[in-house]
Amino acid sequence: MNEKAPRARVEELREEIRRHDRLYYQEDRPEISDAEYDRLFAELKELEAAHPELVTPDSPTRRVGGAPLEKFETVEHDAPMLSLDSSQDEAALRRFDERVRTFLGEDAVAYVVEPKLDGLSIELVYEDGRFLRAATRGDGLRGEDVTANVRTIRSMPLRLRGRGPGPPARLALRGEVVIPTAAFAELNGRLVNEGKEPFANPRNAAAGSIRQLDPG
């Protein structure tokens, strides 16, 4: 087998696995069985093992947890990660609306409202569309490098896709790592059955999962 053949097959397998990951974890419409998916994944692992020079950081096989860490390194955010103000006072909300309208020079402003997801704030950094790094909020200027743990989240893309000219050279995204209520209940049920202490709430469980020193 010549060098071009395994390289081409590796790229083909990666694209196919990424597509099935997206269908399963993000769009909830899987096209193949778990056994078929496992076969594709096993073939990719075998090819990468035989040709380590073809391994890339954004390969689906890199999601698997690596060796345990001694500690988390500290990294600087691309821009400060500021916290959100909260208020249950109608007067404070009206003052906020007035400041927004004054700043924009508009008489009326439309707002988009969505539920607050209570999890662990995270920054994902991509370079040329490839996942580079993940960091916790920390003190807002610096956070803990949790790349190895975040990489194991199947719904988190290791490579960005889209139409147009392609992704920017560097992109920093902010969001929340959360555990759905049903998954949280299942996790706590398993811990109780094993005689272990359950988590107090989903936020603690999400934060604890990302801050494990063993990515496995």
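Calculation rules
- Residues numbered from 1 in each chain as written.
- Predicted model: local features only at pLDDT ≥ 70, side-chain atom pairs only at ≥ 80, totals over all residues.
- Heavy atoms only, no water.
- Helix = DSSP H or I, 4+ residues; strand = E, 2+ residues; numbered from the N terminus.
- Expected span 1.5 Å × (residues − 1).
- Buried < 20%, exposed > 50% of the residue type's maximum accessible area, 1.4 Å probe, protein only.
- Arc of directions from axis to C-beta.
- Patch = residues over 30% accessible without salt bridge, like charges linked within 9 Å, V, L, I, M, F, W, Y side chains within 5 Å.
- Areas by Shrake-Rupley, 256 points an atom, 1.4 Å probe, with all protein chains shown as cover.
- Salt bridge = Lys/Arg side-chain N within 4 Å of Asp/Glu carboxyl O.
- Pairing = 2+ DSSP bridges.
- Axes fitted to C-alpha atoms, helices over the stretch in contact; angles between N-to-C directions.
- Phe/Tyr/Trp six-rings, centres within 6.5 Å; stacked < 30°, edge-to-face > 60°.

**Things to note about helix H2 (residues 34-50)**
Taking 1.5 Å as the rise per residue, H2 with 17 residues should run 24 Å; its terminal C-alpha atoms sit 24 Å apart, in good agreement. Tyr 37, Leu 40, Phe 41, Leu 44, Leu 47 and Glu 48 are the residues of H2 that are buried. Looking straight down H2, one finds that the buried residues subtend no more than 125° of arc, so they occupy a single side. Exposed and oriented more than 90 degrees from the buried face of H2 are Ala 35, Arg 39, Glu 46, Ala 49 and Ala 50.

**Quick look at a nonpolar patch on the surface**
A cluster of nonpolar side chains, namely Phe 96, Tyr 111 and Val 113, defines an oily patch on the protein surface of about 340 Å² accessible area. Position of Phe 96 relative to the elements: it lies in helix H3 (residues 90-104).

**Thoughts on the sheet that holds strand E2 (residues 120-127)**
Strand order across the open sheet formed by three strands is E3-E2-E5, with antiparallel pairing between neighbours. In this open sheet, the two edge strands, each paired with only one partner strand, are strand E3 (130-136) and strand E5 (170-177). For this sheet, the mean inter-axis angle between neighbouring strands, taken without regard to orientation, is 25°. As judged from the six bridges shared by E2 and E3, these two strands associate in the antiparallel manner. Residue pairing for E3: Glu 127 is matched across the bridge by Arg 130.

**Focus: the packing of aromatic side chains**
Under the counting rule described, the total for this entry stands at three aromatic pairs. Between Phe 96 and Tyr 111, the ring centres sit 6.4 Å apart and the planes meet at 40°, which makes this aromatic pair tilted. Taken together, the positions of Phe 96 in helix H3 and Tyr 111 in the loop between H3 and E2 put the pair 15 residues apart, joining distant regions of the chain. On the basis of relative accessibility, which here comes to 40%, the residue Phe 96 falls in the partly exposed class.

So far we have only geometry, and geometry alone does not tell us how the molecule works.
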